[in-house]
Amino acid sequence: MNDQKVCEYFAPLFAPKTVAVVGASTKGTALPNVFIRRIRQFGYTGAIYPIHPTAPEIDGLPAYKTLADTPEPVDYAYIAIGAAQVPGLLAQANGRVRFAQVISSGFGEVDEGVALQAELLEAGRRAGARLLGPNCLGIYTPRGKVTFTEISPPEAGAVGIVSQSGGLGTDIIRRGMTHGVKFSGLVSIGNCVDLGPTDMVEYYLADPNTKVIGLYVESVRDGRRLFELLRASNAKKPVVILKGGRTQQGRMAAASHTGSLAGDDRVWIALSRQTGCVLVDTLDQFIDALLAFQALAPRAERPTRKVVLFGNGGGTSVLATDYFARLGLEVTPLAKPAIDALAALKLPPGTSITNPVDCPVGTLQQDDGRVAEKILDAIYSHGAPEALVMHLNMAAFSGRTKPEVLDNLVQAALRVQARYPGAAHFALVLRSDGDVEIEARKREFRARALALGIPVFDEMAPAGHALAALAAFERFAARRRTP
(Lines give C-alpha, C1' and ligand atoms only; values in the text may rest on other atoms or scores of the structure.)
Protein backbone atom coordinates (compact mmCIF):
# COMPACT_ATOMS: atom_id res chain seq x y z
CA MET A 1 0.00 0.00 0.00
CA ASN A 2 1.13 3.56 -0.62
CA ASP A 3 1.29 6.05 2.25
CA GLN A 4 -2.18 7.45 1.66
CA LYS A 5 -3.79 4.01 1.66
CA VAL A 6 -1.89 2.99 4.80
CA CYS A 7 -3.14 6.11 6.60
CA GLU A 8 -6.69 5.50 5.42
CA TYR A 9 -6.53 1.88 6.56
CA PHE A 10 -5.47 2.80 10.11
CA ALA A 11 -7.62 5.95 10.45
CA PRO A 12 -10.41 4.06 12.31
CA LEU A 13 -7.85 3.04 14.93
CA PHE A 14 -6.23 6.43 15.51
CA ALA A 15 -9.38 8.53 15.03
CA PRO A 16 -12.30 6.17 15.72
CA LYS A 17 -15.84 7.47 15.21
CA THR A 18 -17.35 4.57 17.18
CA VAL A 19 -15.88 2.75 20.19
CA ALA A 20 -17.24 -0.46 21.70
CA VAL A 21 -16.28 -1.37 25.26
CA VAL A 22 -16.54 -5.00 26.34
CA GLY A 23 -16.35 -5.93 30.01
CA ALA A 24 -17.84 -2.87 31.70
CA SER A 25 -19.99 -3.71 34.71
CA THR A 26 -23.16 -2.19 36.12
CA LYS A 27 -21.24 -1.47 39.33
CA GLY A 28 -18.89 0.85 37.47
CA THR A 29 -15.68 -0.46 39.03
CA ALA A 30 -14.21 -2.65 36.27
CA LEU A 31 -11.30 -1.54 34.09
CA PRO A 32 -13.58 -1.03 31.04
CA ASN A 33 -15.73 1.35 33.10
CA VAL A 34 -12.58 3.31 33.91
CA PHE A 35 -11.73 3.34 30.20
CA ILE A 36 -15.16 4.81 29.36
CA ARG A 37 -14.68 7.56 31.94
CA ARG A 38 -11.16 8.32 30.75
CA ILE A 39 -12.02 8.78 27.09
CA ARG A 40 -15.01 10.96 28.01
CA GLN A 41 -12.80 13.14 30.19
CA PHE A 42 -10.20 13.20 27.41
CA GLY A 43 -12.74 14.75 25.07
CA TYR A 44 -13.95 11.84 22.96
CA THR A 45 -17.19 12.86 21.22
CA GLY A 46 -17.94 9.80 19.08
CA ALA A 47 -20.39 7.04 19.91
CA ILE A 48 -19.53 4.72 22.82
CA TYR A 49 -21.21 1.30 22.85
CA PRO A 50 -20.88 -0.71 26.08
CA ILE A 51 -21.31 -4.44 25.41
CA HIS A 52 -23.09 -6.40 28.17
CA PRO A 53 -25.20 -9.58 27.95
CA THR A 54 -28.04 -8.34 30.19
CA ALA A 55 -27.65 -4.70 31.31
CA PRO A 56 -29.82 -2.11 29.53
CA GLU A 57 -27.24 0.60 30.20
CA ILE A 58 -23.71 1.13 31.52
CA ASP A 59 -22.47 4.42 32.93
CA GLY A 60 -25.52 6.17 31.51
CA LEU A 61 -24.95 4.77 28.01
CA PRO A 62 -27.27 2.29 26.23
CA ALA A 63 -25.70 -1.18 26.34
CA TYR A 64 -25.80 -3.85 23.63
CA LYS A 65 -25.67 -7.63 23.95
CA THR A 66 -23.07 -8.33 21.27
CA LEU A 67 -20.75 -6.54 18.87
CA ALA A 68 -23.27 -7.36 16.14
CA ASP A 69 -26.03 -5.36 17.86
CA THR A 70 -24.54 -1.86 17.90
CA PRO A 71 -26.35 0.84 15.88
CA GLU A 72 -23.26 1.50 13.74
CA PRO A 73 -20.22 -0.61 12.84
CA VAL A 74 -17.42 -0.36 15.37
CA ASP A 75 -14.12 1.31 14.47
CA TYR A 76 -12.37 0.31 17.68
CA ALA A 77 -13.34 -2.29 20.27
CA TYR A 78 -11.75 -2.36 23.73
CA ILE A 79 -12.09 -5.89 25.14
CA ALA A 80 -11.35 -6.81 28.76
CA ILE A 81 -13.15 -10.00 29.74
CA GLY A 82 -12.00 -13.49 30.69
CA ALA A 83 -9.64 -14.88 28.07
CA ALA A 84 -11.78 -17.94 27.32
CA GLN A 85 -14.75 -15.71 26.42
CA VAL A 86 -12.97 -13.52 23.90
CA PRO A 87 -12.91 -15.78 20.80
CA GLY A 88 -16.65 -16.46 21.05
CA LEU A 89 -17.40 -12.78 21.50
CA LEU A 90 -15.34 -11.84 18.44
CA ALA A 91 -16.93 -14.56 16.34
CA GLN A 92 -20.27 -12.74 16.77
CA ALA A 93 -18.95 -9.50 15.27
CA ASN A 94 -19.97 -10.48 11.71
CA GLY A 95 -17.56 -8.09 10.01
CA ARG A 96 -18.76 -5.06 11.98
CA VAL A 97 -15.53 -4.38 13.88
CA ARG A 98 -12.47 -2.81 12.19
CA PHE A 99 -9.94 -2.99 15.05
CA ALA A 100 -10.26 -4.93 18.30
CA GLN A 101 -7.78 -4.51 21.14
CA VAL A 102 -7.78 -7.44 23.55
CA ILE A 103 -6.61 -6.27 26.97
CA SER A 104 -7.20 -9.67 28.57
CA SER A 105 -4.22 -11.85 29.51
CA GLY A 106 -4.04 -15.64 29.76
CA PHE A 107 -3.10 -16.33 26.14
CA GLY A 108 0.28 -17.10 24.56
CA GLU A 109 2.30 -15.68 27.44
CA VAL A 110 1.40 -18.81 29.48
CA ASP A 111 1.67 -22.42 28.32
CA GLU A 112 -1.99 -23.19 28.90
CA GLY A 113 -3.06 -20.20 26.78
CA VAL A 114 -1.16 -20.99 23.57
CA ALA A 115 -4.04 -22.91 21.98
CA LEU A 116 -6.51 -20.24 23.06
CA GLN A 117 -4.39 -17.57 21.37
CA ALA A 118 -4.53 -19.51 18.11
CA GLU A 119 -8.30 -19.72 18.52
CA LEU A 120 -8.42 -15.96 19.13
CA LEU A 121 -6.56 -15.25 15.89
CA GLU A 122 -8.89 -17.48 13.91
CA ALA A 123 -11.96 -15.84 15.49
CA GLY A 124 -10.62 -12.40 14.57
CA ARG A 125 -10.09 -13.49 10.98
CA ARG A 126 -13.59 -14.95 10.72
CA ALA A 127 -15.01 -11.73 12.17
CA GLY A 128 -13.06 -9.55 9.75
CA ALA A 129 -11.41 -7.66 12.63
CA ARG A 130 -7.72 -6.74 12.96
CA LEU A 131 -6.47 -7.56 16.44
CA LEU A 132 -4.16 -5.72 18.82
CA GLY A 133 -2.85 -7.68 21.78
CA PRO A 134 -3.87 -9.72 23.67
CA ASN A 135 -2.20 -9.00 27.02
CA CYS A 136 -1.84 -5.24 26.57
CA LEU A 137 -3.36 -2.01 27.97
CA GLY A 138 -4.76 0.07 25.11
CA ILE A 139 -4.14 2.96 22.76
CA TYR A 140 -3.39 6.64 23.33
CA THR A 141 -4.24 8.89 20.41
CA PRO A 142 -4.58 12.64 21.05
CA ARG A 143 -6.03 13.26 17.59
CA GLY A 144 -8.73 10.64 18.23
CA LYS A 145 -9.27 11.68 21.86
CA VAL A 146 -8.88 8.11 23.12
CA THR A 147 -6.55 7.13 25.94
CA PHE A 148 -6.00 4.24 28.32
CA THR A 149 -3.91 6.18 30.86
CA GLU A 150 -5.10 8.32 33.74
CA ILE A 151 -2.84 11.24 32.84
CA SER A 152 -2.45 11.89 29.12
CA PRO A 153 -1.26 15.08 27.42
CA PRO A 154 -4.16 16.33 25.27
CA GLU A 155 -1.90 18.07 22.73
CA ALA A 156 -1.08 16.09 19.62
CA GLY A 157 2.62 15.94 18.80
CA ALA A 158 4.98 14.30 16.35
CA VAL A 159 6.31 11.24 18.25
CA GLY A 160 4.69 7.90 17.40
CA ILE A 161 5.23 5.00 19.81
CA VAL A 162 4.79 1.25 19.53
CA SER A 163 5.17 -0.58 22.83
CA GLN A 164 4.96 -4.32 23.29
CA SER A 165 4.51 -3.64 27.01
CA GLY A 166 1.41 -1.82 28.22
CA GLY A 167 2.93 -0.82 31.54
CA LEU A 168 6.05 0.55 29.89
CA GLY A 169 3.78 2.38 27.47
CA THR A 170 2.25 4.18 30.44
CA ASP A 171 5.75 5.05 31.67
CA ILE A 172 6.69 6.39 28.23
CA ILE A 173 3.65 8.67 28.15
CA ARG A 174 4.05 10.01 31.67
CA ARG A 175 7.83 10.34 31.70
CA GLY A 176 7.80 11.69 28.18
CA MET A 177 5.23 14.29 29.23
CA THR A 178 7.45 15.58 32.06
CA HIS A 179 10.38 15.85 29.63
CA GLY A 180 8.37 17.64 26.96
CA VAL A 181 7.77 14.82 24.46
CA LYS A 182 4.50 15.21 22.57
CA PHE A 183 2.94 12.20 20.93
CA SER A 184 1.10 11.54 17.70
CA GLY A 185 0.04 8.25 19.25
CA LEU A 186 1.03 5.22 21.32
CA VAL A 187 -0.17 1.68 20.74
CA SER A 188 0.47 -1.19 23.14
CA ILE A 189 0.57 -4.47 21.25
CA GLY A 190 1.23 -7.18 23.87
CA ASN A 191 1.48 -10.68 22.41
CA CYS A 192 1.03 -9.46 18.79
CA VAL A 193 -1.35 -12.23 17.75
CA ASP A 194 -2.21 -10.31 14.58
CA LEU A 195 -0.96 -6.74 14.18
CA GLY A 196 2.62 -6.37 15.33
CA PRO A 197 5.46 -3.85 15.55
CA THR A 198 6.11 -3.86 11.80
CA ASP A 199 2.50 -2.98 10.97
CA MET A 200 2.53 -0.02 13.34
CA VAL A 201 5.96 1.19 12.16
CA GLU A 202 4.62 1.07 8.61
CA TYR A 203 1.74 3.30 9.69
CA TYR A 204 3.93 5.83 11.47
CA LEU A 205 6.29 6.00 8.49
CA ALA A 206 3.29 6.91 6.33
CA ASP A 207 1.61 9.21 8.87
CA PRO A 208 2.26 12.90 8.08
CA ASN A 209 1.63 13.77 11.75
CA THR A 210 4.57 11.64 12.92
CA LYS A 211 8.13 12.97 12.76
CA VAL A 212 9.98 10.37 14.84
CA ILE A 213 9.13 6.77 15.73
CA GLY A 214 9.86 5.05 19.04
CA LEU A 215 9.65 1.29 19.43
CA TYR A 216 9.82 -0.85 22.57
CA VAL A 217 9.91 -4.43 21.39
CA GLU A 218 10.76 -7.83 22.78
CA SER A 219 10.41 -9.82 19.57
CA VAL A 220 9.34 -9.33 15.97
CA ARG A 221 7.62 -12.21 14.22
CA ASP A 222 8.26 -10.81 10.73
CA GLY A 223 11.78 -9.53 11.18
CA ARG A 224 12.63 -9.67 7.48
CA ARG A 225 9.64 -7.47 6.67
CA LEU A 226 10.67 -4.94 9.33
CA PHE A 227 14.19 -4.86 7.92
CA GLU A 228 12.95 -4.35 4.36
CA LEU A 229 10.50 -1.67 5.49
CA LEU A 230 13.16 0.32 7.35
CA ARG A 231 15.70 -0.10 4.58
CA ALA A 232 13.20 1.02 1.94
CA SER A 233 12.30 4.09 3.99
CA ASN A 234 15.87 5.32 3.36
CA ALA A 235 16.12 7.19 6.68
CA LYS A 236 12.83 8.94 5.93
CA LYS A 237 12.17 9.33 9.65
CA PRO A 238 14.30 8.57 12.73
CA VAL A 239 13.40 5.30 14.44
CA VAL A 240 14.54 4.80 18.04
CA ILE A 241 14.44 1.22 19.34
CA LEU A 242 14.49 0.11 22.97
CA LYS A 243 14.92 -3.66 22.71
CA GLY A 244 13.91 -5.93 25.56
CA GLY A 245 15.51 -9.37 25.84
CA ARG A 246 19.00 -8.57 24.56
CA THR A 247 20.68 -10.92 27.08
CA GLN A 248 19.97 -14.57 27.85
CA GLN A 249 18.27 -13.62 31.11
CA GLY A 250 16.32 -10.86 29.35
CA ARG A 251 15.11 -13.31 26.71
CA MET A 252 13.77 -15.57 29.46
CA ALA A 253 11.96 -12.61 31.03
CA ALA A 254 10.46 -11.67 27.65
CA ALA A 255 9.17 -15.21 27.16
CA SER A 256 7.24 -15.01 30.44
CA HIS A 257 6.05 -11.44 29.78
CA THR A 258 4.51 -11.62 26.31
CA GLY A 259 5.35 -15.13 25.19
CA SER A 260 8.08 -13.66 22.99
CA LEU A 261 11.01 -15.49 21.48
CA ALA A 262 13.46 -12.60 21.63
CA GLY A 263 16.08 -12.76 18.89
CA ASP A 264 19.87 -12.64 19.09
CA ASP A 265 21.19 -9.19 20.01
CA ARG A 266 23.59 -9.28 17.05
CA VAL A 267 20.61 -9.21 14.70
CA TRP A 268 19.42 -5.93 16.19
CA ILE A 269 22.88 -4.39 16.02
CA ALA A 270 23.00 -5.36 12.35
CA LEU A 271 19.52 -3.91 11.81
CA SER A 272 20.68 -0.63 13.30
CA ARG A 273 23.80 -0.47 11.12
CA GLN A 274 21.96 -1.33 7.91
CA THR A 275 18.79 0.76 8.34
CA GLY A 276 19.88 3.74 10.47
CA CYS A 277 17.53 3.02 13.37
CA VAL A 278 19.00 4.03 16.74
CA LEU A 279 19.37 1.39 19.46
CA VAL A 280 19.24 2.60 23.08
CA ASP A 281 19.72 0.72 26.33
CA THR A 282 17.41 2.37 28.87
CA LEU A 283 14.03 4.03 29.08
CA ASP A 284 15.69 7.35 29.96
CA GLN A 285 17.89 7.18 26.85
CA PHE A 286 14.79 6.31 24.82
CA ILE A 287 12.89 9.39 26.06
CA ASP A 288 15.89 11.69 25.65
CA ALA A 289 16.55 10.54 22.09
CA LEU A 290 12.89 11.04 21.16
CA LEU A 291 13.02 14.54 22.65
CA ALA A 292 16.12 15.41 20.63
CA PHE A 293 14.60 14.21 17.36
CA GLN A 294 11.36 16.03 18.17
CA ALA A 295 13.11 19.36 18.66
CA LEU A 296 16.18 19.18 16.40
CA ALA A 297 16.13 18.66 12.63
CA PRO A 298 18.75 16.07 11.59
CA ARG A 299 21.39 17.37 9.15
CA ALA A 300 22.59 14.72 6.73
CA GLU A 301 24.76 17.28 4.96
CA ARG A 302 26.78 17.98 8.12
CA PRO A 303 26.58 15.21 10.73
CA THR A 304 27.16 16.31 14.31
CA ARG A 305 30.63 15.74 15.72
CA LYS A 306 32.06 19.02 17.07
CA VAL A 307 30.31 20.16 20.26
CA VAL A 308 30.83 23.31 22.30
CA LEU A 309 29.96 23.26 26.01
CA PHE A 310 28.96 26.57 27.56
CA GLY A 311 27.82 27.19 31.12
CA ASN A 312 28.77 27.31 34.76
CA GLY A 313 30.64 24.45 36.39
CA GLY A 314 34.24 23.61 35.46
CA GLY A 315 34.26 20.09 36.85
CA THR A 316 30.96 19.35 35.17
CA SER A 317 32.44 20.45 31.86
CA VAL A 318 35.55 18.28 32.28
CA LEU A 319 33.49 15.18 33.09
CA ALA A 320 31.16 15.93 30.19
CA THR A 321 34.10 16.29 27.81
CA ASP A 322 35.26 12.78 28.73
CA TYR A 323 31.76 11.36 28.48
CA PHE A 324 31.01 12.99 25.13
CA ALA A 325 34.32 11.69 23.75
CA ARG A 326 33.31 8.13 24.65
CA LEU A 327 30.11 8.73 22.66
CA GLY A 328 32.04 9.86 19.58
CA LEU A 329 31.41 13.59 20.13
CA GLU A 330 34.38 15.95 20.14
CA VAL A 331 34.73 18.78 22.67
CA THR A 332 38.00 20.24 21.42
CA PRO A 333 39.53 23.70 21.93
CA LEU A 334 38.11 26.47 19.77
CA ALA A 335 40.19 27.82 16.92
CA LYS A 336 42.22 31.02 17.47
CA PRO A 337 39.68 33.37 15.77
CA ALA A 338 36.96 32.27 18.20
CA ILE A 339 39.26 32.52 21.23
CA ASP A 340 40.36 35.98 20.13
CA ALA A 341 36.72 37.09 19.74
CA LEU A 342 35.92 35.81 23.24
CA ALA A 343 39.03 37.40 24.71
CA ALA A 344 37.96 40.75 23.21
CA LEU A 345 34.84 40.64 25.41
CA LYS A 346 37.12 41.05 28.48
CA LEU A 347 35.06 38.68 30.60
CA PRO A 348 35.71 38.58 34.38
CA PRO A 349 38.54 36.49 35.85
CA GLY A 350 37.70 32.83 36.28
CA THR A 351 36.11 32.56 32.86
CA SER A 352 37.59 29.93 30.52
CA ILE A 353 37.24 30.68 26.81
CA THR A 354 38.74 27.65 25.07
CA ASN A 355 36.01 24.92 25.03
CA PRO A 356 34.46 24.10 27.31
CA VAL A 357 33.55 27.76 27.76
CA ASP A 358 33.18 27.94 31.55
CA CYS A 359 31.57 31.02 33.02
CA PRO A 360 31.04 31.52 36.76
CA VAL A 361 27.64 32.83 37.83
CA GLY A 362 29.21 36.26 38.22
CA THR A 363 30.01 36.28 34.52
CA LEU A 364 26.65 34.93 33.39
CA GLN A 365 24.65 37.46 35.39
CA GLN A 366 26.34 40.42 33.71
CA ASP A 367 23.73 42.64 32.07
CA ASP A 368 21.12 40.38 33.70
CA GLY A 369 22.25 37.40 31.60
CA ARG A 370 22.32 39.17 28.26
CA VAL A 371 26.10 38.76 28.17
CA ALA A 372 25.42 35.25 26.88
CA GLU A 373 24.41 36.73 23.54
CA LYS A 374 27.87 38.23 23.03
CA ILE A 375 29.59 35.01 24.09
CA LEU A 376 27.47 32.82 21.85
CA ASP A 377 27.75 35.21 18.93
CA ALA A 378 31.53 34.94 19.13
CA ILE A 379 31.33 31.13 19.25
CA TYR A 380 28.89 30.85 16.36
CA SER A 381 30.58 33.39 14.11
CA HIS A 382 34.15 32.12 14.60
CA GLY A 383 33.97 28.63 16.13
CA ALA A 384 31.71 26.76 13.66
CA PRO A 385 30.16 24.39 16.26
CA GLU A 386 27.92 21.60 15.03
CA ALA A 387 26.14 21.45 18.38
CA LEU A 388 26.17 23.64 21.47
CA VAL A 389 25.11 22.52 24.91
CA MET A 390 24.36 25.27 27.40
CA HIS A 391 24.39 23.94 30.96
CA LEU A 392 23.20 25.83 34.00
CA ASN A 393 23.68 24.70 37.58
CA MET A 394 20.52 26.27 38.94
CA ALA A 395 21.55 25.91 42.57
CA ALA A 396 24.47 28.27 41.91
CA PHE A 397 22.03 30.99 40.80
CA SER A 398 19.71 30.60 43.80
CA GLY A 399 19.62 33.73 45.94
CA ARG A 400 22.38 35.40 43.91
CA THR A 401 20.65 36.58 40.75
CA LYS A 402 17.45 38.23 39.63
CA PRO A 403 14.69 35.83 38.53
CA GLU A 404 14.88 37.08 34.95
CA VAL A 405 18.56 36.16 34.49
CA LEU A 406 17.85 32.56 33.50
CA ASP A 407 15.19 33.67 31.06
CA ASN A 408 17.55 36.20 29.53
CA LEU A 409 20.25 33.56 29.11
CA VAL A 410 17.96 31.35 27.04
CA GLN A 411 16.46 34.26 25.12
CA ALA A 412 19.98 35.34 24.23
CA ALA A 413 20.73 31.86 22.92
CA LEU A 414 17.57 31.91 20.80
CA ARG A 415 18.48 35.23 19.24
CA VAL A 416 21.89 33.91 18.28
CA GLN A 417 20.31 30.73 16.89
CA ALA A 418 18.02 32.89 14.76
CA ARG A 419 21.01 34.81 13.37
CA TYR A 420 22.77 31.57 12.44
CA PRO A 421 19.93 29.28 11.28
CA GLY A 422 20.97 25.66 10.95
CA ALA A 423 24.49 26.39 12.15
CA ALA A 424 24.37 24.25 15.28
CA HIS A 425 21.99 22.09 17.25
CA PHE A 426 21.20 23.78 20.56
CA ALA A 427 20.39 21.87 23.75
CA LEU A 428 19.88 23.07 27.31
CA VAL A 429 20.87 21.22 30.49
CA LEU A 430 19.24 22.38 33.72
CA ARG A 431 21.05 20.89 36.71
CA SER A 432 19.60 20.84 40.21
CA ASP A 433 20.59 19.65 43.65
CA GLY A 434 17.09 18.37 44.43
CA ASP A 435 16.04 21.31 46.60
CA VAL A 436 12.25 21.66 46.50
CA GLU A 437 12.24 25.31 45.50
CA ILE A 438 14.93 24.82 42.86
CA GLU A 439 13.09 21.83 41.42
CA ALA A 440 9.90 23.88 41.17
CA ARG A 441 11.77 26.66 39.40
CA LYS A 442 13.42 24.12 37.14
CA ARG A 443 10.02 22.70 36.09
CA GLU A 444 8.79 26.20 35.33
CA PHE A 445 11.89 27.10 33.37
CA ARG A 446 11.88 23.76 31.50
CA ALA A 447 8.31 24.47 30.35
CA ARG A 448 9.35 27.91 29.05
CA ALA A 449 12.32 26.50 27.16
CA LEU A 450 10.30 23.64 25.67
CA ALA A 451 7.67 26.11 24.50
CA LEU A 452 10.45 27.81 22.55
CA GLY A 453 11.44 24.53 20.89
CA ILE A 454 14.54 23.87 23.00
CA PRO A 455 15.18 20.29 24.21
CA VAL A 456 15.95 20.29 27.94
CA PHE A 457 17.92 17.61 29.77
CA ASP A 458 18.55 17.01 33.48
CA GLU A 459 22.26 16.28 33.22
CA MET A 460 25.12 16.37 30.74
CA ALA A 461 25.18 12.60 30.15
CA PRO A 462 21.57 12.42 28.88
CA ALA A 463 22.25 15.39 26.59
CA GLY A 464 25.31 13.56 25.28
CA HIS A 465 23.37 10.36 24.59
CA ALA A 466 20.64 12.32 22.80
CA LEU A 467 23.15 14.15 20.60
CA ALA A 468 24.97 10.88 19.90
CA ALA A 469 21.68 9.33 18.74
CA LEU A 470 21.07 12.33 16.49
CA ALA A 471 24.62 12.13 15.14
CA ALA A 472 24.32 8.40 14.38
CA PHE A 473 21.16 8.98 12.37
CA GLU A 474 22.77 11.91 10.54
CA ARG A 475 25.81 9.82 9.60
CA PHE A 476 23.62 7.05 8.23
CA ALA A 477 21.49 9.53 6.28
CA ALA A 478 24.67 11.08 4.88
CA ARG A 479 25.88 7.68 3.65
CA ARG A 480 22.52 7.02 2.00
CA ARG A 481 22.73 10.34 0.18
CA THR A 482 26.21 9.62 -1.17
CA PRO A 483 26.06 8.41 -4.82
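Scroll up to find the structure this text is about.
Residues numbered from 1 in each chain as written. Predicted model: local features only at pLDDT ≥ 70, side-chain atom pairs only at ≥ 80, totals over all residues. Heavy atoms only, no water.

Here we take up the sheet that holds strand E5 (residues 74-79). The five strands are arranged E2-E1-E5-E6-E7 in an open sheet whose pairing can be described as parallel. Bordering the open sheet on either side are strand E2 (47-51) and strand E7 (130-132), each of which pairs with just one other strand. Strand-to-strand twist in this sheet, taken as the mean axis angle between neighbours without regard to direction, amounts to 20°. The pairing of strand E6 (residues 97-102) with E7 spans three bridges and is classified as parallel. Looking at the pairing, Ala-100 lines up with Leu-131 of E7. Across the sheet, helix H2 (residues 31-42) is in contact with strand E1 (18-22), E2 and E5; its angle to E1 comes to roughly 155°. (Pairing = 2+ DSSP bridges. Helix = DSSP H or I, 4+ residues; strand = E, 2+ residues; numbered from the N terminus. Axes fitted to C-alpha atoms, helices over the stretch in contact; angles between N-to-C directions. Contact = heavy atoms within 4.5 Å.)

On to unusual backbone geometry, then. A cis amide bond, omega -5°, links Gly-133 with the succeeding residue Pro-134. Position of Pro-134 among the secondary structure elements: in the loop between E7 and strand E8 (139-140). Note the cis peptide between Asn-355 and Pro-356, where omega equals 10°. By secondary structure assignment, the location of Pro-356 is in the loop between strand E15 (352-353) and strand E16 (357-358). Looking at the secondary structure, you find Asn-355 in the loop between E15 and E16. Assessed through its relative accessible area of 6%, Asn-355 is described here as buried. (Buried < 20%, exposed > 50% of the residue type's maximum accessible area, 1.4 Å probe, protein only.)

With respect to burial, strand E10 (residues 183-188) is a largely interior element, six of its six residues being buried. In this sheet, E10 lies alongside strand E9 (residues 159-163) in parallel orientation, the contact comprising five bridges. Bridge pairing in E10 links Val-159 to Phe-183. Note that the unit made of E9, helix H5 (residues 166-179) and E10 has a crossover that is right-handed. (Right-handed = clockwise from strand over helix to strand, strands pointing away.)

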